[in-house]
Amino acid sequence: MTLRLPLFEYRTPTSLAEAVAILSDSDGGAVIAGGGTDLFPKMKRRQTTPTTVVSLSAIPELSGIEIDSEGNCRLGASTPVAAVAASELVPAVVAAAAAEIASPQIRNTATLGGNLCLDTRCNYIDMPELWREASGHCLKDGGDTCWVAPRGDRCWAISSTDLAPVVIALNGTLRLVGPRGERETPAEALYRNDGIDYHDRSDDEILTQVMLPPFGGRATYRKLRRRGSIDFPLVGVAAAAHLDDRGTVGSIRLVVGAVASAPLRATAAEEFLVGRQLTDEVIEEAARLASHHVRPQDNTDTGSRYRKWMTPVFVTRALQDLRA
Amino acid sequence: MSERVLTIEVNGEPHRILSSDNRTLLEVLREDLGLTGTKHGCDVGECGACSVLMDGQPVLACLVLALQVGDRTVTTIEGLAADGNPDPVQKAFAERGAAQCGYCTPGMIISSRALLDGNPDPSTEEINTALAGNLCRCTGYNKIVEAVHLAASREARP
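Remember, predicted model here, so these are calculated numbers, not experimental data. Starting from 1, residues in each chain are numbered consecutively following that chain's sequence as written. For naming, the first written chain is A and the first written ligand is 1, with later ones following in the order written. Predicted model: local features are reported for residues with pLDDT of at least 70 only, side-chain atom pairs are reported and counted for 80 or more only, and whole-chain, interface and lining totals are derived from all residues. Note that water and hydrogens are dropped before the side-chain values are worked out from all heavy atoms of the structure.

## What to know about the overall build of chain A
And step 1. Each helix is a run of H or I in the DSSP string that is no shorter than four residues. Each strand is a run of E no shorter than two, and both are numbered from the N terminus. Within chain A one finds 12 helices and 12 strands.
And step 2. Computed over its C-alpha atoms, the radius of gyration of chain A comes to 20 Å, within 12% of the 20 Å expected for a compact globule of 324 residues.
And step 3. Based on the C-alpha atoms only, the size of chain A along its principal axes is roughly 60 × 50 × 35 Å.
And step 4. Across the 324 residues in chain A, those meeting the buried criterion constitute 56%.
And step 5. Residue contacts follow a heavy-atom distance rule, with two residues in contact if any of their heavy atoms lie within 4.5 Å. Long-range pairs, those at least 24 residues apart, make up 62% of the contacts in chain A between residues at least 6 apart in sequence. Based on C-alpha atoms, the radius of gyration is set beside the globule rule, defined as 2.2 Å times the residue count to the power 0.38. Think of it in three bands: residues with accessible area under 20% of the maximum for their type are buried, residues over 50% are exposed, and the middle band is partly exposed, with areas taken using a 1.4 Å probe on protein chains only.

Set out below in structure tokens:
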């Protein structure tokens, strides 16, 4: 069966102002495409049928990676994931996480901004139109029932971005441009734990830049997926910490991805870890604190109990990485 | 939703085609240009059967719009053979029997070619990483990896 894209108009504005104007004039009918690797499959499955697709590829200032005079790493949102993975300017953990996204071919097309703005995913929405119609449309699909938790009133689609947990762990800032001008937000504040309304970003706002402050500590990203390639994360744990000479944690940011509709800061575990050395006992307690509130649903490759079980395991591995 | 005339360079030849904006590079290659060597697999970026080179880098033709190609050059499996002589990667795949049903083979060869162009003497791990976006459902990966090693060893010879 050929899944063809629905008809749309493809626009390639050459300036941010032009792109914002197209988006805000479209009454929600226009969507942004970074590389299109997340958007086009959803359009082929008729999960979304925009009248206009706005490519950001021809806007020069959105591409590239540089270190500014204050030592911040600034990444343009249209930078291909492959370029992030190959960059020596970005923190090593960012390059490593980028290299674990999807497949080599997709990394050549997909963009940093596209991964950070990835739509939430779920077994009940990422299906062809016929299937969704036969089963009944879910909440995210305009229906009135969530097939993951039918008695609830929210959508449980999963935040599946690999880079958001890492950017949040590194205390990154995002720059967005919209019709009301430019704003900066901590990366953490962009995400909402709601499968439908998963971004604090209006339809006519464009993510333009990621700013990572200088980081001299240790950081890691641990990703669970069924295969070693192609797959989205089932659990993703990012950790960034400063340790003193004796291995005592001075500060740490710990983020668990892919177990909810947003990346989750594990603040209780962070508070517990500060002032402690990363002994096996401390890591075990931190892993418990980071995961006991986590409630993965049964809506991706593996069952929810497996993801729940694996969450402390991957937090443990991430914290062990920091110790090594 | 009008159509527009696109000029895309495929295998060294410019082609003018009339296309609506929604058509993928895969559709244009197979349906307009008759280049059916590039296979149509999952259509949603999960299998790698439609891999082609865009400016030498492997991409999925099912997730690239024809009009996104712009002035970049496209190389398909048909474009690897020079003057009727198969590419060394193609020869090595044939000799090693690195194909069972053959459906993944063009994509495998495209990814292998891109790897060897940037890394003439890859390790097995590097080959596995480079081919990690190409699924073989017959699971005949060993011979594929052997074929890439064989092609690399021949190309390395002066």
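Once you've had a look at it, read on.
## Focus: the sheet that holds strand E5 (residues 73–75) of chain B
All names here are of chain B.
And step 1. Strands were regarded as paired on the criterion that DSSP finds at least two bridges between them. Ordered by their spatial adjacency, five strands build an open sheet running E2-E1-E5-E3-E4, and the pairing between neighbours is mixed. Of all the strands in the sheet, the pair left with one neighbour each is strand E2 (13–20) and strand E4 (57–60). Here the average twist between neighbouring strands, direction ignored, is 45°.
And step 2. For strand E3 (residues 51–54) and E5, the ladder comprises two bridges, and the chain directions are antiparallel. Residue pairing across strands places Leu53 opposite Thr75, the latter belonging to E5.
And step 3. A fitted line through C-alpha atoms serves as each axis, taken over the contacting stretch for helices, and the angle formed by two N-to-C directions is quoted from 0 to 180°. Across the sheet, helix H1 (residues 25–32) touches strand E1 (3–10), E2, E3 and E5, and the angle it forms with E2 is around 110°.

## Regarding the pairing of strand E6 (residues 173–178) of chain A
Residues and elements named next belong to chain A.
And step 1. Counting buried positions along E6 yields five of six residues, so the element is predominantly enclosed.
And step 2. In the sheet, E6 pairs with strand E7 (residues 181–186) via six bridges, with the strands oriented antiparallel. By the bridge assignment, Val177 is partnered in E7 with Glu182.
And step 3. The antiparallel pairing of E6 with E7 creates a hairpin that spans two residues between the two strands.
And step 4. Here five bridges tie E6 to strand E8 (residues 206–212), and the two strands are oriented antiparallel to one another. In the strand pairing of E8, Thr173 is matched with Met211.

## Quick word on the side chain of Arg74(A)
All names here are of chain A.
And step 1. Within the fold, Arg74 resides in strand E5 (residues 73–76).
And step 2. For Arg74, a relative accessible area of 17% corresponds to the buried category.
And step 3. Polar contact is defined as a pair of N or O atoms within 3.5 Å, subject to the rule that within protein one atom must be able to donate a hydrogen and the other to accept it, and that residues adjacent in sequence are counted only when both atoms are side-chain atoms. A polar contact is formed between the side chain of Arg74 and the side chain of Asp68, at a distance of 2.7 Å.
And step 4. Separated by 2.8 Å, the side chains of Arg74 and Gln209 make a polar contact.

## Focus on empty space enclosed by the protein
And step 1. Residues are said to line a cavity or pocket when one of their atoms sits within 4 Å of a point; the points come from a 1 Å grid over protein atoms alone, cavities being sets where a 1.4 Å probe fits but cannot get out and pockets being open sets with protein on both sides within 12 Å along at least five of seven lines. Grid points are joined across faces, edges and corners, and a volume is the space filled by probe spheres set on the points. Evaluation of the coordinates by the stated rule reveals three cavities of 30 Å³ or more.
And step 2. As a volume, the largest cavity reaches approximately 70 Å³.
And step 3. Looking at the largest cavity, the residues that line it are Cys122(A), Tyr124(A), Ile125(A), Cys138(A), Leu139(A), Lys140(A), Cys146(A), Trp147(A), Val148(A), Cys155(A), Trp156(A) and Ala157(A).
And step 4. Here the nonpolar group is Ala, Val, Leu, Ile, Met, Phe, Trp, Tyr, Cys and Pro; Asp, Glu, Lys and Arg are the charged ones; every other residue, Gly included, is treated as polar. Of the residues contributing to the lining of the largest cavity, the split by class is 11 nonpolar, no polar and one charged.
And step 5. Of the volumes computed, that of the second largest cavity is approximately 50 Å³.
And step 6. Contributing to the lining of the second largest cavity are Ala98(B), Ala99(B), Gln100(B), Cys101(B), Gly102(B), Cys104(B), Thr105(B), Cys136(B), Cys138(B), Gly140(B) and Ile144(B).

## Some thoughts on the domain arrangement of chain A
All names here are of chain A.
And step 1. Residue ranges for the domains originate in an automatic or database domain assignment. Each domain of chain A was delimited in the assignment, giving domain 1 (1–58) and domain 2 (63–117 + 158–323).
And step 2. With 11 residues of domain 1 in contact, the opposing surface of domain 2 contributes 14 residues.
And step 3. A combined buried area of about 1000 Å² lies between domain 1 and domain 2, and 74% of that area is made up of carbon and sulfur atoms.
And step 4. Here a salt bridge means any side-chain nitrogen of Lys or Arg lying within 4 Å of a carboxyl oxygen belonging to Asp or Glu. Summed over the shared surface of domain 1 and domain 2, the number is zero salt bridges.
And step 5. On the surface where domain 1 and domain 2 come into contact, there are zero residue pairs in polar contact (both at pLDDT 80 or more).
And step 6. Here the element with the most residues in the side of domain 1 that touches domain 2 is helix H1 (residues 16–25); it accounts for five residues.
And step 7. By residue class, the composition of the side of domain 1 that touches domain 2 is six nonpolar, five polar and no charged. A 1.4 Å probe defines the accessible area here, and the buried area is the portion of it lost by two parts on being joined, summed over both.

## Quick look at the interface of chain A and chain B
And step 1. Counting residues at the interface gives 26 residues for chain A and 33 residues for chain B.
And step 2. A buried area of about 2400 Å², summed over both sides, lies between chain A and chain B, and 58% of it is on carbon and sulfur atoms.
And step 3. Scanning the region where chain A abuts chain B turns up three salt bridges.
And step 4. A salt bridge links Lys44(A) to Asp43(B); its shortest N-O distance comes to 2.8 Å.
And step 5. Broken down by secondary-structure element, the contributors of at least two residues to the side of chain A that touches chain B are strand E1 (9–11), helix H2 (39–44) and helix H5 (104–109) of chain A.
And step 6. Broken down by element, the residue count for the side of chain A that touches chain B peaks at five residues, all from H5(A).
And step 7. Counted by class, the side of chain A that touches chain B contains 12 nonpolar, nine polar and five charged residues.

## Notes on the pattern of salt bridges
All names here are of chain A.
And step 1. Under the definition given, this model contains 33 salt bridges over all chains.
And step 2. Note that Glu188 and Arg253 form a salt bridge whose closest N and O atoms lie 3.5 Å from each other. One end of the pair, Glu188, is in helix H9 (residues 187–190); the other, Arg253, is in strand E11 (residues 249–257), and 65 residues separate them in sequence.
And step 3. Owing to a relative accessible area of 34%, Glu188 belongs among the partly exposed residues under this scheme.
And step 4. One network of salt bridges, with partners in common, ties together Lys42, Arg45, Asp119, Arg121, Asp126 and Lys140.

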